[in-house]
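Close look at the chain arrangement
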Amino acid sequence: MDSFTFHCPTKIYYRQGGLSLIGKILREDYSCKKALMVFGGHSLIDNGYYDTIVSSLRENGIDFETYSGIEANPDVSDARKAILAARTFKPDFVLACGGGSVIDCAKLICHGYYYSGNPLDFFKKGVRPLHSLPLGVVLTLSASGSEMSDSCVISDRETGFKGGFNDESNYPTFSLLDPSLTDTVSDYQTAIGLVDMFSHSFERYMSQNERLEPCDGLALSVMADIVATSKMLFGDKKDIKEGRRSMMLLGSLSHNGFTSFGKKKNFVVHHAEHRLSGRYPALAHGQGIALLLPVFLEKNKDILKAKILRMAKQVFLSRVEDVDSSIAALKDWLSFLPIYHSFEELPFIVAEEEIDQAEKRLELGM
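None of the values given here were measured: they were computed from a predicted structure. (Residues numbered from 1 in each chain as written. Predicted model: local features only at pLDDT ≥ 70, side-chain atom pairs only at ≥ 80, totals over all residues. Heavy atoms only, no water.)

Focus on the overall build of the protein
The condition that has to hold: Note on conventions: DSSP H or I runs of at least 4 residues are helices, E runs of at least 2 residues are strands, and numbering of each starts at the N terminus. The atom set for the radius of gyration is the C-alpha atoms, and the globule formula is 2.2 Å times the number of residues raised to the power 0.38. Accessible area is worked out with a 1.4 Å probe on protein chains only. A residue is then buried under 20% of its type maximum, exposed over 50%, and partly exposed in between. Here, Shrake-Rupley sampling with a 1.4 Å probe gives the accessible areas, and only protein chains in the shown set may cover a residue. For this count, His and the chain ends are skipped, Lys and Arg are scored as positive, and Asp and Glu as negative. Charge coordinates come from a single atom per side chain, which is NZ of Lys, CZ of Arg, CG of Asp or CD of Glu.
Across its full length, the protein carries 14 helices and 8 strands. Relative to the globule expectation of 21 Å for 366 residues, the C-alpha radius of gyration of the protein, 20 Å, shows essentially globular dimensions. Within the protein, the fraction of its 366 residues that count as buried is 56%. Within the structure as shown, the protein displays about 16,000 Å² of accessible surface, and the carbon and sulfur contribution to it stands at 50%. With 40 positive and 47 negative side-chain charges, the protein shows a spacing of 4 Å between the two charge centroids.

Okay, structure coming up:
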């Protein structure tokens, strides 16, 4: 049946150089008095962002506690510990300061605060959060789009599980977007972030659609802008400031649902990558995606021929007329980025059978 429901309630505060406003936003717009601040490693502290946030919270009379150490491919054990800390502290808000891993873990903390069962139930048993703490986000890494999405991904490293669940409760209450916070992100992290956000619209575009699907044009436009932004950041004529700004906006736009507005999405590349990085936590999500995207097109080029040709023309500005050359246009873009371009290049070994299993999951059954 051709029907859908769309809801995207996250409020975006775009403020260039606006990190010091976070306390004022929490106090004036949301009457927050107590916040649990969640972040990852030392970069937030080393870059001075932690001190700015803490000063802003104190200046606005907001009591706070912190939970830190959340790693890439966040583990459910961190969420469990932070949930216990939150129940003791009883915050009005959870404030996630970081990229997708920190934000996703914070989403689970917000849900688990009111849930007495295993937090993994949301991912494995189809349980929906009925109540959640409100979530604010300070975005420091453009990639996942989690700052404006209904998705949440978590790992359980004891079992090798990695999976996600989509629910309206996953939308943050608000997100503060300040592109200057991404100035210190490495070239590698920037590049795999671009691949991650590219894939969000790529997978929506490649999902089955009606004969005339307006949002496919939106998806292609976002993908084209991501490619153009990568040239600003890594090409011969760099414009880092403008590239960082564009990247932050595109990350949110690519995963907030607008590029699949009106159609059902099928994220087979993401699901296949989750299988791999669930077993190999050192595999960054965007890196895994980069290695699987060309394989997905090769395996499904007969089914997706028209879409692949259209993508090559509109995203990569290619004039070729055959599907193999169109797939090569994507490969050329990935080769341009400062990332690993094969599983063999990775600084750790991924078992061949695991790669084979992941690649088998890329076949569509349309």
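Some points on the pattern of salt bridges
Threshold: In what follows, salt bridge is the name for a side-chain nitrogen of Lys or Arg lying within 4 Å of a carboxyl oxygen of Asp or Glu.
The final tally for this structure, using the stated rule, is 14 salt bridges. Residue Arg157 pairs with Glu71 through a salt bridge whose shortest N-O separation is 3.2 Å. Of this pair, Arg157 sits in the loop between β6 (151-156) and β7 (161-166) while Glu71 sits in the loop between β3 (63-67) and α4 (76-89), and the two are 86 residues apart along the sequence. Residue classification places Glu71 among the partly exposed residues on the basis of a relative accessible area of 47%. Of the charged contacts in the structure, one is a salt bridge between Lys301 and Asp324, with a shortest N-O distance of 2.9 Å. Here Lys301 is found in the loop between α11 (285-299) and α12 (305-314), whereas its partner Asp324 is found in helix α13 (residues 323-336), with 23 residues between them in sequence. For Lys301, a relative accessible area of 24% gives the class partly exposed.

Some words on the side chain of His111
This is how it is decided: Working rule for contacts: check all heavy atoms of both residues, and any pair within 4.5 Å makes them a contact.
Looking at where His111 falls in the secondary structure, it is placed in helix α5 (residues 100-112). Discounting residues that sit within four places of it in the chain, His111 has contacts with Phe122, Pro129, His131, Ser132, Phe165, Ser169 and Asn170.

Considerations on the packing of α12 against α13
To keep it simple, the criterion reads: For helices, the fitted line uses only the C-alpha atoms of the stretch in contact; every axis is such a line through C-alpha atoms, and the angle between N-to-C directions lies from 0 to 180 degrees. Roughly parallel refers to an angle under 35 degrees, roughly antiparallel to one over 145, roughly perpendicular to one between 65 and 115, and oblique to any angle outside these ranges. Crossing handedness is read from the near helix: turned anticlockwise from the far helix by less than a right angle, it gives a left-handed crossing, and turned clockwise, a right-handed one.
The interhelical angle for the contact between α12 and α13, taken along N-to-C directions, is 50 degrees, at an axis separation of 9 Å. Considered as vectors, α12 and α13 are oriented oblique to each other. Crossing of α12 against α13: the hand is left-handed. For the pair formed by α12 and α13, the contact residues are Lys305, Ile308, Leu309 and Ala312 on the first element and Val323, Ser326 and Ile327 on the second.

Digging into the packing of aromatic side chains
Note the cut-off: Between 30 and 60 degrees the pair is tilted, below 30 it is stacked and above 60 it is edge-to-face, where a pair is any two Phe, Tyr or Trp rings, Trp via its six-membered ring, whose centres lie within 6.5 Å. Ring-over charges, as used throughout, are those where CZ of Arg or NZ of Lys falls within 6 Å of the ring centre and within 35 degrees of the ring normal.
Throughout the structure, instances matching the rule amount to 18 aromatic pairs. Ring centres 4.8 Å apart and planes at 40 degrees place the aromatic pair Phe198 and Trp333 in the tilted group. Of this pair, Phe198 sits in helix α7 (residues 187-206) while Trp333 sits in helix α13, and the two are 135 residues apart along the sequence. Here the aromatic rings of Phe316 and Trp333 are separated by 6.4 Å at their centres, their planes lie at 45 degrees, and the arrangement is tilted. Here Phe316 is found in the loop between α12 and α13, whereas its partner Trp333 is found in helix α13, with 17 residues between them in sequence. Exposure class is identical for Phe316 and Trp333. Each is buried. Here a set of aromatic residues connected by ring pairs shows up, and it is made of Phe198, Phe202, Phe296, Phe316 and Trp333. Above the face of the Phe336 ring, Lys231 is positioned so that its terminal group lies 5.6 Å from the ring centre. Stacked on the ring of Tyr205, the Lys or Arg Lys307 has its end atom at 4.2 Å from the ring centre.

Description of the sheet that holds strand β8 (residues 174-177)
Within a sheet, neighbouring strands are paired by backbone hydrogen bonds and run either parallel or antiparallel to one another. Note the threshold: Here a strand pair is declared whenever DSSP counts at least two bridges between the two strands.
One open sheet holds the 6 strands; their spatial order is β1-β8-β5-β4-β2-β3, and the pairing between them is parallel. Edge strands, defined here as strands with exactly one partner in the open sheet, are β1 (11-14) and β3. The average undirected angle you get between the axes of adjacent strands in this sheet is 20 degrees. The pairing of β1 with β8 spans 4 bridges and is classified as parallel. Directly across from Ile12, in β8, lies its bridge partner Ser175. Contacting β1, β4 (93-98), β5 (135-139) and β8, helix α1 (residues 22-30) crosses the sheet at an angle of about 150 degrees to β8.

Details of the packing of helix α10 (residues 268-279) against helix α14 (residues 352-360)
The description of two packed helices rests on the angle between their axes and on the distance between the axes. Axis separation between α10 and α14 bottoms out at 8 Å; the angle between their running directions is 155 degrees. As the angle between them shows, α10 and α14 are arranged roughly antiparallel. Note on packing geometry: the crossing formed by α10 with α14 is right-handed. Across the interface between the two elements, Ala272, Arg275, Leu276 and Arg279 of α10 pack against Glu354, Ile355, Gln357 and Ala358 of α14.

A few points about helix α9 (residues 240-255)
The line we're drawing: Helix span, expected: 1.5 Å multiplied by one less than the number of residues in the helix.
Between its terminal C-alpha atoms α9 stretches 23 Å, which fits the 22 Å expected from 16 residues at 1.5 Å a residue. When α9 is considered as a whole, its buried residues turn out to be Gly243, Arg244, Ser246, Met247, Met248, Leu250, Gly251, Ser252, Ser254 and His255.

Considerations on the nonpolar core
Heads up, the condition is: The criterion is simple. A nonpolar core is a set of buried Ala, Val, Leu, Ile, Met, Phe, Trp, Tyr and Cys residues joined through side-chain atoms within 4.5 Å.
By size, the foremost hydrophobic cluster in this structure holds 54 residues, and its most contacted members are Phe198, Phe296 and Met311. Looking at this core, the elements with two or more residues in it are α7, α8 (214-234), α9, α10, α11, α12, α13 and α14. The greatest single-element share of this core, amounting to 9 residues, is contributed by α7. Contacts of Phe198, omitting those with residues within four sequence positions, involve Met223, Ile226, Val227, Leu293, Val315, Phe316, Leu330 and Trp333. Formed by 31 residues, the second largest nonpolar core is a distinct cluster that contains Tyr67, Val94, Val102 and Ile154.

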